Structures are given as structure tokens and as C-alpha cells.
Amino acid sequence: MAVTNPPPVRVELSGRSYDVQIGQGLLDDAIVQARDFIEPYAGRKVPVVADVNARKHHGERFAASLASDGYEIAWYDVAPGESSKSWESLERLTDWLLGLGITRSDHVFALGGGVVGDLVGFACSVLKRGCGFVQLPTTLLSQVDSSVGGKTAINTRAGKNLIGAFHQPSLVLADTQTLDTLPDREMRAGYAEVLKYGLLGDAEFFTWLEENGTRVLAREREALNEAVATSIRAKARIVAEDERETSGVRALLNLGHTFGHALEAETGFSDQLLHGEAVALGMVLAARYSARRGELSEADAERAATAIAGSGLPSEISELGMDCKGQRLVDHMLHDKKMESSGTLPFLLLRGLGEAYMARDVDLADVAAFLDEELK
Ligand code: GLY
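Conventions we followed
Residues numbered from 1 in each chain as written. Predicted model: local features only at pLDDT ≥ 70, side-chain atom pairs only at ≥ 80, totals over all residues. Heavy atoms only, no water. Near = heavy atom within 4 Å. Polar contact = N/O pair within 3.5 Å; in protein donor to acceptor, adjacent residues only side chain to side chain. Areas by Shrake-Rupley, 256 points an atom, 1.4 Å probe, with all protein chains shown as cover. Nonpolar A, V, L, I, M, F, W, Y, C, P; charged D, E, K, R; others polar. Pairing = 2+ DSSP bridges. Helix = DSSP H or I, 4+ residues; strand = E, 2+ residues; numbered from the N terminus. Axes fitted to C-alpha atoms, helices over the stretch in contact; angles between N-to-C directions. Contact = heavy atoms within 4.5 Å. Core = buried A, V, L, I, M, F, W, Y, C linked by side-chain atoms within 4.5 Å. Buried < 20%, exposed > 50% of the residue type's maximum accessible area, 1.4 Å probe, protein only. Left-handed = near helix turned anticlockwise from the far one by under 90°.

*Asks:* What is the right way to look at the site of the ligand in this model?
*Replies:* Around the ligand, the neighbouring residues are D145, K151, K235, E245, R250 and L253. Interatomic distance of 2.9 Å between a side-chain N/O atom of K151 and an oxygen atom of the ligand. In the complex, the protein chains occlude 87% of the 200 Å² of accessible area that the ligand would expose alone. A breakdown of the residues in the shell around the ligand according to their chemical character gives one nonpolar, no polar and five charged.

*Asks:* When you look at the sheet that holds strand β4 (residues 73-78) in this model, what are you seeing that I'm missing?
*Replies:* Working definition: the strands of a sheet are paired by backbone hydrogen bonds and lie parallel or antiparallel to each other. The sheet built from seven strands is open, its strands ordered β1-β2-β9-β6-β5-β3-β4 with mixed pairing. Of all strands in the sheet, those with a lone pairing partner are β1 (9-11) and β4, marking the two edges. Ignoring which end each strand starts from, the neighbouring axes of this sheet average 20° apart. Alignment of strand β2 (residues 18-23) against strand β9 (residues 171-175), held across five bridges, turns out to be parallel. Bridged to I22 within β9 is A174. Helix α3 (residues 52-67) contacts β3 (46-51), β4, β5 (107-112), β6 (132-137) and β9 of the sheet and is inclined by roughly 170° relative to β4. Along the sheet face, helix α5 (residues 114-126) touches β3, β4, β5 and β6 and points at about 165° away from the line of β5.

*Asks:* Which parts of the structure should I look at to understand the nonpolar core?
*Replies:* Core analysis: the largest hydrophobic core is formed by 85 residues, its most contacted members being F259, V367 and L371. Looking at this core element by element, the count peaks at 11 residues for helix α11 (residues 275-292). When neighbours within four sequence positions are excluded, L371 is seen to be in contact with F259, L285, I317, G326, L329, V330 and M333.

*Asks:* What's the story with the packing of α11 against helix α14 (residues 364-375) in this structure? I'm lost.
*Replies:* The relative placement of two packed helices comes down to the angle between their axes together with the axis-to-axis distance. Contact geometry of α11 with α14 gives a least axis separation of 11 Å together with a crossing angle of 115°. Considering the relative orientation of α11 and α14, their crossing is right-handed. Only D366, V367, A369, F370, L371 and E374 of α14 make contact with α11, whose side of the interface consists of L285, R288, Y289 and R292. Its residues placed into classes, the contact of α11 with α14 shows six nonpolar, no polar and four charged.

None of this, on its own, says anything about what the molecule does.
Listed below in C-alpha cells is the structure:
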């Protein structure tokens, strides 16, 4: 049975609203979906910055769609991995774009996961004081999170994403067919961010995921499109309400990220623990810590842990083989971007499944004691 693609999601931002198209085969139809941003390249090549693996798997479909209307691509390859989000990569990429004569009204295409999206988005935020870009996310994590909402950044020696800008794309084409070639581990890591939308604000979606998560992870088209579309709708609503993370609403998207960031730092931001895996563990810890504060029932905290473990994601920090104390993880938290000058670290906790809130009264010594228990 043919599966109909979900309707596009509009990210409503005054004067800068844009669509996120979701569904199977969108790259095959790119010339139609992205015509407004391709037509200005008549007589010139269309600049596409691509993760080398994304280009290998999906570049041909995109190129064929453009070729059907006579457009050629100027490809720029980006090596996979966080090391591509560097000052050096930014310099090389902006030099290349300037060499192509990109103008402020042009759009650069980003094909790949979060690394490419963040690098291209940031490059376009500064190129000639800002040109346009179109996101073509090819990982689950980038489709449901990083390609939508305009956070762009590179890493520095001092930490991840410390240099960046809010710069919204003009269009996002989330072709869920690209997920067919995504390694299972990366699929699960992206799925952690899908579960996050249920846990932070949509109990009904969380229950749906408990029942349908296996179908989503198996990439059954209907379930996958539904999970991606529901996640993107949630993200679009939050971004429209608090684009620059000033009112506290967008900060809810950081559920699991404070604990998760400490775990990523302790494991050296390496393949030992992918970002999504750290977020999964971080959400279990946030749920259990909420239960410790008496704000969430133990049963609900374990329901969250079971949903995470049941999707093949890590859920117990005691199983990571980390030889460290809770205080050491808290020390990593002190370097978190969210740390305030007053010495307060806001924590995203749960009052219920589907009800995250920001707590500003968390005692870090108590967090260290809690983590000591979890590490046993
Ligand atoms: N990934 C969190 C945000 O976009 O705000």
C-alpha cells in the first residue's frame, strides 16, 4: 500500500517562516520542492555541501532531480565527524563559497547530518553577513532536531558549539528514505531525541512510541513518517514560541542534556557514547532524579527507563564501565553552556511523563550523591 507523506510543518517566525517537508523520496523530487532556491542558479552550478557518506548514498538522487531541469551541482565534501565543525573547516568552506561568487540572496544546500547542517548554517550566517541555506538532513537526529530551528555552530578547544549563531534555513527537506541506509546504532541514537519529545511535552506520543517504537526503528514507512512528523511539529511549536531560547520554553529541548553532556565529556565525546545515547541515559537520570525529589512516581521513572532500554539504547550508567565518582560528572556539568554566572545550573526535570520543567533549585552535592548510587 502506498504511504502518503505527512503534510509539511510550517515553522512560524515573523518574516522568516519556512516549511519542513517530511516523507519518502523528497530528494527525488527536490527540483519541485526547492525550485525557488534552485532557479536563481540558472547558468551557474548549485552549491551542495555534503557529508561524504550522505553524498555516496543519496547524492545521486538529488543530482538526478536537479539534472532533470538542467541544473548541475558544485559538490563540496565534508568528512564525517565532529572534527569537521572547526574554524579550519569554516574557513575552507567560506573560501570555497566566496570563490563560487555566492551572493546574499543565494541558498547553499547542506546534505548530511548535524555536523554538515551546523557547519553550513553557521557559514551561511556570516557569509556576506548572511546568505540563505536549505537543509537536506539524512540522519534521524538531524531530521527531528538539529536541521529545524536555526541553531548553527562550530566547536572550539574550549568546548562543543561554543561559537555559533541563530540562522534559520529557508526550507528543510526531511527525506525519511535516507534513513534506510543509516546504521542501526545511529538510528537508535536519533530515536532518543524522538522519545524526548514524548517525555518533555506529549504523554500521548510517548505512549504511542511505547507501542510503535519497534516499527519506527525498523523503518516501517508509516510509523517512521508519523514519528518524524510528530517530533518536527513539536520542535516547530517550541521554536516559534522561543526562537532564541530566552523564555525557557526552548530550553525544554535540553531534557536529558545536562546529565548527558557530563557523560559525553567523561567519555571524551567519542564513539564510546554517541550524543543520542548520552541523551537517552540523561533522560533516565533526569526521570530518576525527579523521582528522588518526589516529583515523579518511581513507576513513571522506570517506565521512561524501560522505553529507552526497550529501544536498544543504554539506560544504566553503571554499565558504561566508567571508573568515576558522581562528583566528577558534576564537575563536567560546571562547564555546561547552561551554567549561569550565579553558579546555578538549571536542570530539566519531570513532573510527569510528558511534563518537563526547569528546576533552578537543584543542589549539585545531592546530584553527586544520586550519581554515586547510579554508578554502583
Ligand atoms: N537542539 C536543541 C534546540 O534546538 O534548541
